[in-house]
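One-letter residues, chain by chain:
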Amino acid sequence: MPRSPLERLEARQGRPYTARPAAARGGQSDGESSMSQIEVRNLAKVFRVAERRAGLLGAFRGLVSRRMRDVHALAGVDFDIERGELVGYIGPNGAGKSTTIKILAGILTPTGGTCTIDGLTPWRDRRRHAARIGVVFGQRTQLWWDLPVIESFELLQRVYRVPEGLFASNRDRMVELLRLGPLLDTPVRQLSLGQRMRADLAAALLHGPKLLFLDEPTIGLDAAAKLAMRDFVRTLNREEGVTVVLTTHDMDDIEALCERIMVIGQGRILIDGGIDELRRRVGNERVLIVDFEEVLRLAALARELDGDGVRDVRVTGKRARIAFDAGVVAPAALIARVTARFEVHDLFVEHPPIEHTVADLYAEHGQGEA
């Protein structure tokens with residue numbers, strides 16, 4: 001009985017894997033140079049889910065007859081993405097981001113609409129399509145848990161049938177750019193989250209795809225790991241021309257990387273435009289977080305900061321959250337006012353959470369809660 005992942009893989013195929021030239025795997029489509037790389041029209045996805053009734057009696061009734069309801073994850077999504085773009089795809093949980101990515105990757109079949117990527121329909125031409133794309137999901141790995149990183153890479157070479165020369169070139173380049181050298185002989189299960197994400201990103205690029213889907217790639221990473229991930233994605237896109245579709249809740253990722261953003265809510269695209277357009281929509285809304293040396297009274301702080309662009313002041317113990325309009329009062333000026341009047345231990349300025357941004361967009365488009 002085969003024991004290693006490669007042996008099990010070969011057994012399922014009924015023959016050993018052998019590398020084939022890239023041209024034999026399909027190459028580029030004839031119309032690739034004249035059409036958008038991704039074309040999505042009226043894409044819809046409906047999930048049919050069972051509703052469980054409350055209580056023990058409800059559980060027994062569910063065994064006899066189930067009540068089903070439809071969940072509209074996507075309700076008519078349209079967009080085009082050109083080659084070489086780096087697009088941020090954002091929205092709250094349940095908005096349809098991951099569903100879209102899974103359809104584009106060929107993992108899910110939509111209920112309606114069309115999608116073509118380099119002339120292929122992802123869910124109908126799954127093998128040819130998979131050979132052309134890379135996918136990284138923040139909470140999942142395509143590496144083998146108990147194998148060293150380098151052996152996972154070699155298995156993926158067999159899976160994608162990458163010629164030895166191309167594989168060696170891509171592997172060495174990914175190892176250098178992502179600083180994976182010291183980790184190659186380490187079992188995947190012993191890697192930290194940040195190390196595993198770097199290894200997963202390298203694994204997604206070993207076969208040289210020109211389209212990369214990143215679904216929450218920085219989730220759970222510390223500051224240093226996030227910066228390293230951003231630097232790599234920026235280099236990959238701008239120097240090597242790889243098209244990147246990035247979904248994230250981290251506005252800092254979006255602002256650092258993306259020139260174009262698409263905001264999705266309740267299964268529909270609400271905004272599709274430049275990052276500057278989103279900045280104008282969310283305004284100049286900022287939040288100044290201040291940790292004081294002593295516990296403050298809300299009234300004293302609110303009285304000192306009344307007016308001049310300050311919208312809301314909240315105090316919990318020694319920490320205050322000051323919401324303000326950066327178009328009316330500059331962050332530096334507000335910080336100067338606070339530090340001149342009170343003893344400050346630490347402070348920082350943050351953007352409002354992306355959920356707040358999308359909630360404002362819902363109101364603007366006349367949509368209620370999902």
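Criteria and cut-off values
Residues numbered from 1 in each chain as written. Predicted model: local features only at pLDDT ≥ 70, side-chain atom pairs only at ≥ 80, totals over all residues. Heavy atoms only, no water. Salt bridge = Lys/Arg side-chain N within 4 Å of Asp/Glu carboxyl O. Helix = DSSP H or I, 4+ residues; strand = E, 2+ residues; numbered from the N terminus. Buried < 20%, exposed > 50% of the residue type's maximum accessible area, 1.4 Å probe, protein only. Phe/Tyr/Trp six-rings, centres within 6.5 Å; stacked < 30°, edge-to-face > 60°. Lys NZ or Arg CZ within 6 Å of the ring centre and 35° of its normal. Contact = heavy atoms within 4.5 Å. Lys, Arg positive; Asp, Glu negative; His and termini not counted. Pairing = 2+ DSSP bridges. Axes fitted to C-alpha atoms, helices over the stretch in contact; angles between N-to-C directions. Left-handed = near helix turned anticlockwise from the far one by under 90°. Nonpolar A, V, L, I, M, F, W, Y, C, P; charged D, E, K, R; others polar. Expected span 1.5 Å × (residues − 1).

(A) Layout of the pattern of salt bridges. The full count for this structure, using the stated rule, is 15 salt bridges. Residue D291 is joined to R319 by a salt bridge in which the shortest nitrogen-to-oxygen separation is 2.7 Å. One end of the pair, D291, is in strand β10 (residues 285-292); the other, R319, is in strand β12 (residues 319-325), with 28 residues separating them in the sequence. Looking at D291, the relative accessible area reads 18%, which means it is buried.

(B) Up close: unusual backbone geometry. If you check the backbone angles, R161 has positive phi at about 55° while not being a glycine. Locating R161 in the fold gives a position in the loop between α5 (149-160) and α6 (164-177). Exposure remark for R161: the relative accessible area of 15% places this residue in the buried category. Phi at Q266 is positive, roughly 55°, even though this residue is not glycine. Here Q266 lies in the loop between β8 (260-265) and β9 (268-274). For Q266, a relative accessible area of 25% gives the class partly exposed.

(C) Looking closely at the packing of aromatic side chains. Within the structure shown, the criterion is met by two aromatic pairs. Plain terms: the ring middles of F79 and Y89 are 6.3 Å apart, the flat faces sit at 55° to each other, and that makes the pair tilted. Of this pair, F79 sits in strand β2 (residues 67-81) while Y89 is found in strand β3 (residues 86-90), placing the two residues ten residues apart along the sequence. Their ring planes at 70° and their centres at 5.7 Å tell us that F292 and F342 sit as a pair that is edge-to-face. Here F342 lies in the loop between α12 (331-341) and β13 (344-350) and F292 lies in strand β10, a separation of 50 residues in the sequence. Among the residues examined, F342 registers a relative accessible area of 11% and is labelled buried. R140 extends its terminal NZ or CZ atom over the ring of F137, reaching a point 5.9 Å from the ring centre.

(D) Inspection of the side chain of D200 at higher detail. Summarising the element assignment, D200 is placed in helix α7 (residues 193-205). Residue classification places D200 among the buried positions, given a relative accessible area of 2%. Aside from chain neighbours lying at most four places away, what touches D200 is V136, R140, T141, Q142 and L143.

(E) Broad picture of the side chain of E216. Tracing the backbone through its elements, the reader meets E216 in the loop between β6 (211-215) and α8 (223-240). Despite its burial, E216 remains without a salt bridge, the nearest opposite charge being carried by K97 at 4.8 Å. Residue contacts for E216: discarding those within four places in its chain leaves K97, G138, T247, T248 and H249.

(F) Structural view of the sheet that holds β8. With mixed pairing, six strands are arranged side by side in an open sheet as β5-β6-β7-β3-β8-β9. In this open sheet, the two edge strands, each paired with only one partner strand, are β5 (133-137) and β9. Geometrically, the sheet is characterised by an average inter-axis angle of 15° between neighbouring strands, direction not taken into account. As paired strands, β3 and β8 are joined by four bridges and run parallel to one another. What sits directly across from G88, in β8, is I261.

(G) Expanded view of the pairing of strand β11 (residues 310-316). Bridge count between β11 and β12: six bridges; the pairing is antiparallel. Paired with R314 across the two strands is R321, which belongs to β12. Between β11 and the antiparallel strand that follows it, β12, lie two residues; G317 among them carries a positive phi value of about 65°.

(H) Molecular detail of the packing of α5 against α6. Relative to each other, α5 and α6 sit at 145°, their axes nearing to 11 Å. As α5 runs across α6, the sense of the crossing is right-handed. Contacts between α5 and α6 involve I150, F153, E154 and Q157 from the first element and E164, F167 and R171 from the second. Its residues assigned to classes, the contact of α5 with α6 shows three nonpolar, one polar and three charged.

(I) Geometry of the sheet that holds β13. Here we have four strands laid out as an open sheet, ordered β11-β12-β10-β13, and antiparallel in their pairing. Of all strands in the sheet, those with a lone pairing partner are β11 and β13, marking the two edges. For this sheet, the mean inter-axis angle between neighbouring strands, taken without regard to orientation, is 15°. Summarising the sheet, β10 and β12 pair through seven bridges and their orientation is antiparallel. If you follow E285 over to β12, its bridge partner there is D325. Packed onto the sheet, α12 meets β10, β11, β12 and β13 and runs at close to 160° relative to β13.

(J) Layout of α6. Look at α6: 20 Å from first C-alpha to last across 14 residues, which is about the 20 Å you get at 1.5 Å a residue. Among all positions in α6, only F167, A168, N170, R171, M174 and V175 are buried. Each element contacted by the buried residues of α6 is listed here: α5, α7 and α8.

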